[in-house]
Amino acid sequence: SLTFFCVIMLLITLILKNMNLFKFTFFIISTFISISIFASGNPFPAVNIKSLDGKQVNTTEYTSKGKVTIVSFWATWCTPCKRELDVLNELYGEWVDKYDIQLLAITIDDSRGLSKVPAMVQTKGWEFTVLADSKQELQQALNFQTIPQTFLLNEKGEIVYAHNGYNSGDEIELEKKIAALKGK
């Protein structure tokens, strides 16, 4: 619509004054991806995965609880993934109290790597739910290749934000998205 176009043009003008071309291009692409995901009401796939004790669970058991949900895909061999989850673990208790969220950390490790997960979770003291997509069926349903891959779901279980990779400070942007969803 014309209003949307005008808002975008205003943003572009403001941003160009404060950003170099690379940062601007990255900003525009990520913004449009986020807008398209948010606007589409894209439901999180209903796929069977496993708990760490080997029980089959369906993702809807978590995404239909009426809570804002962070879903972070990771693996034991992925250093940025573990850094992101360590930071999210530090914030998790506060975010649960402040926003009533849940966090699902879903490993894509194969069966050999999966055997290392319970000890790693215990050593790191991660307090959130850890699940396993060792056949990578959920990963395929979501159509992404690289990790860490983080999704934010609204209370209806719809994907409203997606982010790939991890850099220090990404959690600040994630919290802003959560706060906006919760009206805070």
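Relevant structure appears above.
Residues numbered from 1 in each chain as written. Predicted model: local features only at pLDDT ≥ 70, side-chain atom pairs only at ≥ 80, totals over all residues. Heavy atoms only, no water.

(A) A look at the pairing of strand β5 (residues 102-107). Counting buried positions over the six residues of β5 gives six, a clear majority of the element. Bridging between strand β4 (residues 69-74) and β5 involves six bridges; their strand directions are parallel. Bridging from a neighbouring strand, Thr69 pairs with Gln102 of β5. Regarding topology, helix α4 (residues 79-99) serves as the crossover connection from β4 to the parallel β5, and that connection is right-handed. Pairing between β5 and strand β6 (residues 129-132): four bridges, direction parallel. Bridge assignment links Ala105 to a residue of β6, and that residue is Val130. (Buried < 20%, exposed > 50% of the residue type's maximum accessible area, 1.4 Å probe, protein only. Helix = DSSP H or I, 4+ residues; strand = E, 2+ residues; numbered from the N terminus. Pairing = 2+ DSSP bridges. Right-handed = clockwise from strand over helix to strand, strands pointing away.)

(B) Broad picture of the pattern of salt bridges. If you walk through the whole model with that rule in mind, you get six salt bridges. Where Lys177 meets Glu173, a salt bridge forms, and the shortest distance between an N and an O atom there is 3.6 Å. Highlighted residues: Lys177 and Glu173, both in helix α8 (residues 170-182), separated by four residues, approximately one helical turn. With a relative accessible area of 28%, Lys177 lands in the partly exposed category. (Salt bridge = Lys/Arg side-chain N within 4 Å of Asp/Glu carboxyl O.)

(C) Representation of the packing of aromatic side chains. Going through the model one piece at a time under the given rule, you end up with seven aromatic pairs. Arranged with centres 6.3 Å apart and planes meeting at 70°, the rings of Phe44 and Phe151 form a pair that is edge-to-face. With Phe44 in the loop between β1 (42-43) and β2 (48-51) and Phe151 in strand β7 (residues 149-153), the pair connects residues that are 107 residues apart, well separated along the chain. Seen in terms of ring centroids, Tyr92 and Phe128 are 6.0 Å apart; in terms of plane orientation they differ by 85°. Their pairing is edge-to-face. Taken together, the residues span a long stretch of sequence, with Tyr92 in helix α4 and Phe128 in the loop between α6 (117-124) and β6 at a distance of 36 residues. On the basis of relative accessible area, Phe128 is assigned to the buried category, the value being 6%. One aromatic cluster in this structure is built from Phe44, Phe73, Phe144 and Phe151. (Phe/Tyr/Trp six-rings, centres within 6.5 Å; stacked < 30°, edge-to-face > 60°.)

(D) Summary view of the side chain of Thr107. Take Thr107: it is sitting in strand β5. Other than its neighbours up to four places away in sequence, Thr107 contacts Trp74, Ala75, Leu114, Val117, Leu131, Ala132, Asp133 and Ser134. (Contact = heavy atoms within 4.5 Å.)

(E) Structural context of the pairing of β2. Of the pairings in the sheet, the one linking β2 to strand β3 (residues 56-58) comprises three bridges and is antiparallel in character. Looking at the pairing, Ile49 lines up with Val57 of β3. Linking two consecutive strands that pair antiparallel, namely β2 and β3, is a turn of four residues; a positive phi of about 90° is found at Gly54 within it.

(F) Molecular detail of the state of the cysteines. Evaluated as defined, the whole model comprises one disulfide. Across the disulfide from Cys78 sits Cys81; the S-S distance is 2.2 Å. Around the S-S axis, the bridge from Cys78 to Cys81 shows a dihedral of about 75° and counts as right-handed. For Cys81, a relative accessible area of 0% translates into the label buried. (Disulfide = S-S within 2.5 Å.)

These values are about where atoms sit, not about what they do.
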